Structure formats: C-alpha cells, structure tokens
Amino acid sequence: MGNPGTFKRGLLLSALSFLGFETYQVISQAAVVHATAKVEEILEQADYLYESGETEKLYQLLAQYKESEDAELLWRLARASRDVAQLSRTSEEEKKLLVYEALEYAKRALEKNESNFAAHKWYAICLSDVGDYEGIKVKIANAYIIKEHFEKAIELNPKDATSIHLMGIWCYTFAEMPWYQRRIAKMLFASPPSSTYEEALVYFHRAEQGKTYLKLHNKKLAALWLTKARDYPAHTEEDKQVRRNRSSL
C-alpha cells in the first residue's frame, strides 16, 4: 500500500482544486451578471437618447462600445451611425464613411445573433444606403438580399410595423420601375427583382393595421413610417424632411 501521507495530501489538493474551480465559477457567473446589467443600463440610456432625438449624443455613447459582442448594442450603433449620416451638417465625405460604418455594425449584429429581428431590419436598411455609392448593378443585386432580410425581420417579429412598411416600399419601388430601367436590369440579371402595386398595398395595410409603435409610444419611428402619426414630433433631420415632404402633398 502507498504512503498514507501522500494519499492524504492528494485528497487535500483535489479538494482545494475543486473549491478553486467552484470559486472560479462563482466569480465568472458574477462577472456575467455584472456585464449583463451594464449592457442593460447602456441600452436603457441609448433608448432614452433615441426617443429624445439626441442623435449625436447617442452616437457618441454607443461608439464607445463598437467592439461589443452584443447584437442589441451593435444594431443600435448601426442605426445611430445612419442617423448622424442623415444630419444636414454632416459633410458628404463623412456621410459616406458613416453609411459604410453603419453597415458594418449591422452585419456584426447579425453575426452575433441571427434571431434578432432588428439586426435583420437595420442590415437591410444600411445595405440599401450603401447601394447609392456602389452603382446600378450592385444596387440591383443587393435588392434581393434586402428583401430577404426584411422578410426575415417580419418573420421574427410579425408586429414590427417598420419592417412591414419598408417591405411595402420595396415592393412599390420595383412595381413602379420605369420600362427602361427594367430593360437595363434584365440585361444585368436573368430575373431582376420585381413586384406589384397590389403586393405593396398588402404590406402597407398590414403596417397601418398594426400601429404597434404608437401603442408602445415609439414616437420617432411612428413619425417616420406610419402615415397617421402626423401629430407626433419629428426629432432627427430625416424625420423633419419626411414631415416637410408630407406637408407639401
């Protein structure tokens, strides 16, 4: 039989190792809880700034966490980058950088969580923005991808009025495409994107019936996308432009 002292020391070391592992687990779990609490705090602050129309402050807040692994932070950063790009005081050069920056954040949000409907929505929106700098061929090619992500966003959250409305805009855009643009599209692609006014109308009716954002008091998005939200104030530069365009109709 072996040395009893050695055996006892082995048991002691095993017990200490186990206790050390348990301590490590407790510390790790506490760190995760703390990190989660911090993210929730940041998201709460970010949503407050968004609702208040503090576009640049929101961007400055979220830009501190651009290396985050959290999809909720990243899609909000994509949205904030895009909103700053839309400001009238943003130069064309800065706008282009911010548009591509927004797309990268939205892409990373999707990579972190493919089940996040907002990540799909903002990836589609940002990809559409980038199309303005990429030329007609890339823009048409991206249209397929944009549609897929709007559809996925709606699948994940059937009550999201914004995604539904934007899907309607996508359909309307391709339904009203002039014949000469269709001809160019057919030269570039065997089956270019297409839709009908009837299909667009279905999505617009769905968005109108939902009015989800009004019930949730999300005034900014209501002003942007729901046609009956005229009584709510516009906060960002893009909101104000939308309001002016509507007033002129």
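Residues numbered from 1 in each chain as written. Predicted model: local features only at pLDDT ≥ 70, side-chain atom pairs only at ≥ 80, totals over all residues. Heavy atoms only, no water.

Per an unreviewed UniProt entry, the chain goes by Regulator of microtubule dynamics protein 1 and derives from Saimiri boliviensis boliviensis. According to UniProt, the comment filed for the chain under the heading Subcellular location (unreviewed entry) is "Cytoplasm, Cytoskeleton, Spindle pole". Per UniProt, the chain has the following entry under Subunit (unreviewed entry): "Interacts with microtubules." (UniProt positions renumbered as here; feature names shortened; annotations may be inferred.)

Novice: Explanation requested: helix 2 (residues 55-63) in the structure shown.
Specialist: A turn of α-helix holds 3.6 residues, and therefore any two residues three or four places apart point the same way. Within helix 2, burial applies to Thr55, Leu58, Tyr59, Leu61 and Leu62. Buried positions in helix 2, seen along its axis, are confined to an arc of 160 degrees and lie on one side of it. (Buried < 20%, exposed > 50% of the residue type's maximum accessible area, 1.4 Å probe, protein only. Helix = DSSP H or I, 4+ residues; strand = E, 2+ residues; numbered from the N terminus. Arc of directions from axis to C-beta.)

Novice: So what exactly am I meant to see when it comes to the nonpolar core here?
Specialist: Nonpolar side chains in soluble globular proteins tend to be buried together. Ranked by size, the top nonpolar core spans 51 residues in total, and within it Leu58, Leu62, Phe150, Met167 and Trp170 carry the most contacts. Counting residues per element, the ones that place at least two in this core are helix 1 (4-51), helix 2, helix 3 (71-85), helix 4 (92-112), helix 5 (117-130), helix 6 (136-156), helix 7 (161-175) and helix 9 (197-210). When residues of this core are assigned to domains, at least three fall in each of domain 1 (31-134) and domain 2 (154-230). With residues up to four places along the chain from it excluded, the contact list for phenylalanine 150 reads Lys121, Ala124, Ile125, Leu166 and Met167. (Core = buried A, V, L, I, M, F, W, Y, C linked by side-chain atoms within 4.5 Å. Domains from an automatic or database assignment. Contact = heavy atoms within 4.5 Å.)

Novice: Explain the packing of helix 4 against helix 5 here, please?
Specialist: Angle between the axes and distance between the axes: these two values describe a pair of packed helices. One way to put it is that helix 4 packs onto helix 5 with a least axis distance of 8 Å and a crossing angle of 150 degrees. Our classification of the angle between helix 4 and helix 5 gives roughly antiparallel. For the pair helix 4 and helix 5, the sense of crossing is left-handed. Between helix 4 and helix 5, the residues in contact are Val99, Tyr100, Ala102, Leu103, Ala106, Lys107, Ala109 and Leu110 and Ala119, His120, Trp122, Tyr123, Cys126, Leu127, Asp129 and Val130, respectively. (Axes fitted to C-alpha atoms, helices over the stretch in contact; angles between N-to-C directions. Parallel < 35°, antiparallel > 145°, perpendicular 65-115°, else oblique. Left-handed = near helix turned anticlockwise from the far one by under 90°.)

Novice: What's the story with the confidence of the model for the chain in this structure? I'm lost.
Specialist: Atomic detail in the predicted coordinates should be set aside for any region of low pLDDT. Summing up the model confidence of the chain, the mean pLDDT is 79 and the portion of residues at 70 or higher is 69%. Taken as a whole, residues 24-34 scores under 50 in pLDDT and shows zero contacts with residues more than four places along the chain or in a different chain. Below pLDDT 50 for its whole length, residues 245-249 participates in six contacts with residues either more than four positions away or in separate chains. (pLDDT = per-residue confidence, 0-100.)

Novice: When you look at the pattern of salt bridges in this model, what are you seeing that I'm missing?
Specialist: Between side chains of opposite charge, pairing is possible as soon as their charged atoms come close. Scanning the model with the defined rule gives eight salt bridges in all. A salt bridge links arginine 76 to aspartate 47, with the shortest nitrogen-to-oxygen separation between them at 2.9 Å. In this pair, arginine 76 sits in helix 3 while aspartate 47 sits in helix 1, placing the two residues 29 residues apart along the sequence. Where arginine 89 meets glutamate 56, a salt bridge forms, and the shortest distance between an N and an O atom there is 2.7 Å. (Salt bridge = Lys/Arg side-chain N within 4 Å of Asp/Glu carboxyl O.)

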